[in-house]
Amino acid sequence: MHMGATLRLLRVDAGLSLRDLARRIGVSSAYLSRVENGLDAPPTQERLSAIARELDVPAALLMDVANKVSPYVTGYLEEVPAAGTLLLDIARRRLTAAQLARVRTFLDAEFPVREARGDEPVPALSSLLSPERVVLQLGCESWEDALDVVAGRLAAACPGVDSARLAAHLRQREEESASAVGNGVATPHGYSAGAAPAAVLVTLAQPLSRDTPDGQPLRLVVALLDGLHGRARLVRLAHVARLAGRGMADWLMDARQPAEVIERLAELEALR
């Protein structure tokens, strides 16, 4: 997973320059540029927490994208060492995402969370989809063709939104900051005043070769449209990046029906 690409995507969408964000978290702009371009390792937990504060997104979400262990988890393992043995047992059994979802269902039923855990729930991406906004095995020759398709589906879901203007808007955003977040996933996103949040998910019949942060061709497109700038929008973008890191493309690519895609995505999100 390429944390730097996600960080740049969020920073640009938040309207912060590289220099502004670097100054706010107390690092050099050269260092932050190296992180965004994958030349340096992901920031430490402390710096990720500072970045999350400046972007106004949950720190646990950024740590998940960066494959960092939340301080809440490390603190709990120190307090209850037996929990580490259980995690090791789960790893040895190599439980799949579907099996882990069953474990979570049991935990929620038997041991419901009664106190805040330090990380906030993120609105489900699957709730923004409908079968009409899931396109399976799209055959397209270029990234621009894919953007035209997602713009058309988003415009159809949002009265008053013009498909051609939205497609142009998505292309402009791509020039500002490429939407590929790694693991074969890209998340182009647009803004239309007053529009309700909506998503379109597209699986590609043939991977598209593009300049991606990890060199993997694009296989899955998750396009987002919002009617408001701000925190909720950034959280959704970071959440897509987190799902990409959890293997969302592999999880969804062989689905045969749009409803199956939405169901599988909901299962994947249940693991958060």
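Residues numbered from 1 in each chain as written. Predicted model: local features only at pLDDT ≥ 70, side-chain atom pairs only at ≥ 80, totals over all residues. Heavy atoms only, no water.

Draft legend 1. Local environment of the overall build of the protein. Broken down by element type, the protein carries 13 helices and six strands. The C-alpha atoms of the protein give 19 Å as radius of gyration, which agrees with the globular expectation for 272 residues (19 Å, within 12%). For the protein, the spread of C-alpha atoms along the principal axes amounts to about 55 × 45 × 35 Å. Considering the protein as a whole, with its 272 residues, one finds that 44% of them fall into the buried category. A fraction of 70% describes how many contacts in the protein between residues 6 or more apart in sequence connect residues 24 or more apart. (Helix = DSSP H or I, 4+ residues; strand = E, 2+ residues; numbered from the N terminus. Rg over C-alpha atoms; globule rule 2.2 N^0.38 Å. Buried < 20%, exposed > 50% of the residue type's maximum accessible area, 1.4 Å probe, protein only. Contact = heavy atoms within 4.5 Å.)

Draft legend 2. Inspection of unusual backbone geometry at higher detail. Positive phi values are uncommon outside glycine, yet Asp56 reaches one of about 65 degrees. Non-glycine residue Gln137 carries a positive phi angle of around 55 degrees. As for its placement among the helices and strands, Gln137 is situated in strand E1 (residues 134-138).

Draft legend 3. Here's a closer look at the pairing of strand E6 (residues 218-226). For E6, the buried fraction is high: eight of the nine residues fall into the buried class. Pairing of strand E3 (residues 185-186) with E6 involves two bridges; the strand directions are parallel. Looking at the pairing, Val185 lines up with Leu220 of E6. The pairing of strand E4 (residues 189-191) with E6 spans three bridges and is classified as parallel. Bridge assignment links Tyr191 to a residue of E6, and that residue is Asp226. (Pairing = 2+ DSSP bridges.)

Draft legend 4. Region of the structure containing the packing of aromatic side chains. Under the defined criterion, the tally for this structure stands at one aromatic pair. Geometry around Tyr31 places Arg47 over its ring, the cationic atom sitting 4.9 Å from the centre. (Phe/Tyr/Trp six-rings, centres within 6.5 Å; stacked < 30°, edge-to-face > 60°. Lys NZ or Arg CZ within 6 Å of the ring centre and 35° of its normal.)

Draft legend 5. Seen up close, the environment of Asn67. The residue Asn67 is located in the loop between helix H5 (59-65) and helix H6 (71-79) in this model. With a relative accessible area of 58%, Asn67 lands in the exposed category. In this structure, the C-alpha to C-alpha distance between Asn67 and His2, residues 65 residues apart in sequence, is 9.8 Å.

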